[in-house]
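Chain residues, written in single-letter form:
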Amino acid sequence: MKAVVVTGFEAEPQLTDLPVPQPGPGELLVRLHAAALNPFDWKVADGALKNAVEHHFPLVMGSDGAGVVESIGAGVTRFRPGDTVFGQFMNVQHGRGSYVEYVLAAEDGKIARMPDSLPFTVAAALPTAGMTAYQAIETARLDTGHVILINGASGGVGQSAIQFAALQGARVLATATPDIAGHLRDLGAHETIDFRAAPTAEQVLAAYPGGIDAVLDLVTQPGGDTDALAGLLKPGGILISTNYAAEPDALAAREIRGVNLGNNPSRAELEGLADLAAAGKLRVTIDAEVPLADAPAAVARARSGPVRGKTVFLP
């Protein structure tokens, strides 16, 4: 089977052939029809988790995917061959990822059935970006009339977060370049901020001198400066970082909640996301559909600049 792997930390992704695995007890083999690109994929390949867990090389890149159960191992009761499923398939300890034609998953892993009406490409794009957005907005505890800034709103997480925040009745400020601003307003953003015209914090502060209620920061990297964004918040406000750039203790001294948000979907939450997408209540923008063989080049492009939707690989 074809797979996109790295042979060590910071190695260049390459297309290779691997044997099709066989499911053991409690496992299922999934024939993937789509896999989605997330920045976390190349961060893991660069060694983001190397001090936390053992890695097996060659390591298949990727986490998110959707496909059909091909076969099951002994003891599996929740799934059967022919089921359409989606979720997160990354397992670095065993070298597993989703940029591949066939992948093993644990029955009790982060996978769920998908509605028959949901395209594989959309289902593959949901797990990491959609769940991160959902959990971030739930953490923000927004109410009608609250104002939230989504910093880095043009990517998959940002676009879903706009929709979830708008559903909560919040006023959504989204950073965006002019070419995508209209699309983000169509998703539910009330105002867009061109971060190239002037610093984002300066523009927000000029429009909301009394402060805002929440910031979802999808941009600042660990060790980066979130002070300007924190300065936008009212006492009792919240700054959520998906890159672990928030400093909760320092922010608490300013009467601000600081949260570093990971991604930990449950099966029920995945099913809920899929139902929303299938019903048209959560829109997912697919920016490009790329053959699996072209995944290394697509990863290189994604590393080099901002994205405007999800890239999906077709094994």
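Placed above this text is the structure.
Residues numbered from 1 in each chain as written. Predicted model: local features only at pLDDT ≥ 70, side-chain atom pairs only at ≥ 80, totals over all residues. Heavy atoms only, no water.

### Concerning the side chain of T121
Topologically, T121 is positioned in helix α2 (residues 120-125). Under the relative-accessibility criterion, T121 is labelled buried at 14%. Discounting residues that sit within four places of it in the chain, T121 has contacts with A34, I286, E289, V312 and L314. (Helix = DSSP H or I, 4+ residues; strand = E, 2+ residues; numbered from the N terminus. Buried < 20%, exposed > 50% of the residue type's maximum accessible area, 1.4 Å probe, protein only. Contact = heavy atoms within 4.5 Å.)

### A short note on the packing of aromatic side chains
Inspection of every chain in the model, using the stated rule, returns three aromatic pairs. Note on Y99 and F313: the rings are 4.8 Å apart at their centroids and 80 degrees apart in plane angle, and the pair reads as edge-to-face. With Y99 in the loop between β6 (84-88) and β7 (102-106) and F313 in strand β16 (residues 310-314), the pair connects residues that are 214 residues apart, well separated along the chain. Note on F313: relative accessible area 0%, which makes it buried. Ring plane angle 75 degrees and centroid distance 5.6 Å describe the contact between Y134 and F164, whose orientation is recorded as edge-to-face. Of this pair, Y134 sits in helix α3 (residues 127-140) while F164 is found in helix α4 (residues 156-167), placing the two residues 30 residues apart along the sequence. The class of Y134 is partly exposed, set by a relative accessible area of 27%. Classification of F164 as buried rests on a relative accessible area of 7%. Over the ring of Y102 we find R31, and its NZ or CZ is 5.4 Å from the ring centre. (Phe/Tyr/Trp six-rings, centres within 6.5 Å; stacked < 30°, edge-to-face > 60°. Lys NZ or Arg CZ within 6 Å of the ring centre and 35° of its normal.)

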